Amino acid sequence: MHLTLPRSPLATLVNEASKYRWRVRSALQRYGVAWRYARQRSTRDDGLTLLYDAEHIAGIYGLACLSEESVLERARDFFGDVPGLERWTADACARVNSKHGGGDGEMIGAAEDWALTLISEYAAEDGVTLEELAE
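Quick caveat, the model's predicted, so the values are computed rather than measured. (Residues numbered from 1 in each chain as written. Predicted model: local features only at pLDDT ≥ 70, side-chain atom pairs only at ≥ 80, totals over all residues. Heavy atoms only, no water.)

Teacher, can you tell me more about a nonpolar patch on the surface here?
Together, Tyr-20, Val-24, Leu-28 and Tyr-31 make up a nonpolar patch on the protein surface, roughly 490 Å² of accessible area in all. Mapped onto the elements of the fold, Tyr-20 is located in helix α1 (residues 9–38). (Patch = residues over 30% accessible without salt bridge, like charges linked within 9 Å, V, L, I, M, F, W, Y side chains within 5 Å. Areas by Shrake-Rupley, 256 points an atom, 1.4 Å probe, with all protein chains shown as cover. Salt bridge = Lys/Arg side-chain N within 4 Å of Asp/Glu carboxyl O. Helix = DSSP H or I, 4+ residues; strand = E, 2+ residues; numbered from the N terminus.)

Structural data, given as structure tokens:
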């Protein structure tokens, strides 16, 4: 059941107070993200918030993007759950992102394949040999 307040001065005051409370809470959250960013203590959620806000400010929207999560999932399918895989995946995705132009789904697939190759190279540099799991 949805209760509606009648259009009275009190109802208008309650509505305005609710809007003000929402705006203050939103501003405090944004200041929190900015503070953590300035102190180099950003979380993954902070990064996603900044990315989302930057898309709207710049007017550029990535419809297809390289995701650490999807590459990590594919790497775990290929190599199993190996210690250090998250770090190698993050490094590989950062390198591919800096060199790869993005684009449609086929290009993202190629970018993920390149990242998987880089994961093997980074693991080898750390003295770990990754082998594909048998199906």
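Moving on from the model shown.
Explanation requested: unusual backbone geometry in the structure shown.
Across residues other than glycine, the phi torsion is negative in most instances, and most of the peptide bonds are trans. In this structure, Gln-40 takes a positive phi of about 55 degrees despite not being glycine. Summarising the element assignment, Gln-40 is placed in the loop between α1 and α2 (44–58). Judged by its relative accessible area of 70%, Gln-40 falls in the exposed class. (Buried < 20%, exposed > 50% of the residue type's maximum accessible area, 1.4 Å probe, protein only.)

What is the right way to read the pattern of salt bridges from this model?
It is possible for side chains bearing opposite charge to pair when their charged atoms get close. Per the counting criterion, the structure on display carries 9 salt bridges. Between Asp-113 and Arg-74 there is a salt bridge, and its shortest N-O distance comes to 2.6 Å. On the criterion of sequence distance, the pair formed by Asp-113 in helix α5 (residues 105–125) and Arg-74 in helix α3 (residues 68–79) is long-range, its members being 39 residues apart. Under the relative-accessibility criterion, Asp-113 is labelled partly exposed at 40%. Assessed through its relative accessible area of 26%, Arg-74 is described here as partly exposed. A salt bridge links Asp-81 to Arg-76, with the nearest nitrogen and oxygen atoms 3.2 Å apart. In this structure Asp-81 comes out as exposed when scored by relative accessible area, which is 62%. Overall, Arg-76 belongs to the partly exposed group, its relative accessible area being 33%. Salt bridges sharing partners connect three or more residues here, namely Arg-74, Glu-112 and Asp-113.

Any functional reading would require information beyond the geometric quantities listed.
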